[in-house]
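Remarks on the overall topology
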Amino acid sequence: MAAAKAALAAQLDALMGKERDVPVDKRQNKKLTPDDDEVDKYWLCGLSPYILFRNTRSDLGHWDKVTDDDAKELWDSYSQEKKDEYGYEYD
């Protein structure tokens, strides 16, 4: 029962954001950037193996990183030289 509740909470966080239970007047509405630790670096670069192999024999297990569209859009706007400074594409 606890695992199902945690899975449902994770789905709601993905859909509505981590601040879904915080009152509107107290939300920080923090925008994620590509260098935040909670953003999935593989997904920023184009393909996350954790998403690709989900529910297959090669499933890599739970992945607690976020796939944020705003961070991806910001990443795509960077020049290749700036992307090279991060080194995500070489991991």
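Refer to the structure above for everything that follows.
Residues numbered from 1 in each chain as written. Predicted model: local features only at pLDDT ≥ 70, side-chain atom pairs only at ≥ 80, totals over all residues. Heavy atoms only, no water.

Grouped together as the largest cluster of nonpolar side chains are eight residues: Leu32, Val39, Trp43, Leu44, Ala71, Trp75, Tyr78 and Tyr88. Secondary structure elements with two or more residues in this core: helix H2 (41–44) and helix H4 (69–77). Setting aside anything within four residues of it in sequence, one finds tyrosine 78 in contact with Pro34, Lys83 and Tyr86. (Core = buried A, V, L, I, M, F, W, Y, C linked by side-chain atoms within 4.5 Å. Buried < 20%, exposed > 50% of the residue type's maximum accessible area, 1.4 Å probe, protein only. Helix = DSSP H or I, 4+ residues; strand = E, 2+ residues; numbered from the N terminus. Contact = heavy atoms within 4.5 Å.)

This brings us to the packing of aromatic side chains. For the structure on display, the rule yields five aromatic pairs. Cluster of aromatic residues (ring-pair linked, three or more members): Trp75, Tyr78, Tyr86 and Tyr88. (Phe/Tyr/Trp six-rings, centres within 6.5 Å; stacked < 30°, edge-to-face > 60°.)

With that out of the way, let us pick up a nonpolar patch on the surface. Side chains of Leu47, Leu52, Phe53 and Leu60 sit close together on the surface and give an oily, nonpolar patch of about 370 Å² of accessible area. Among the secondary structure elements, phenylalanine 53 is positioned in the loop between helix H3 (49–52) and H4. (Patch = residues over 30% accessible without salt bridge, like charges linked within 9 Å, V, L, I, M, F, W, Y side chains within 5 Å. Areas by Shrake-Rupley, 256 points an atom, 1.4 Å probe, with all protein chains shown as cover. Salt bridge = Lys/Arg side-chain N within 4 Å of Asp/Glu carboxyl O.)

Turning our attention to a negative patch on the surface. A cluster of acidic residues, Glu81, Asp84, Glu85 and Glu89, forms a negative patch at the surface. Following the sequence through the fold, glutamate 81 ends up in helix H5 (residues 80–86). (Lys, Arg positive; Asp, Glu negative; His and termini not counted. Charge placed at Lys NZ, Arg CZ, Asp CG, Glu CD.)

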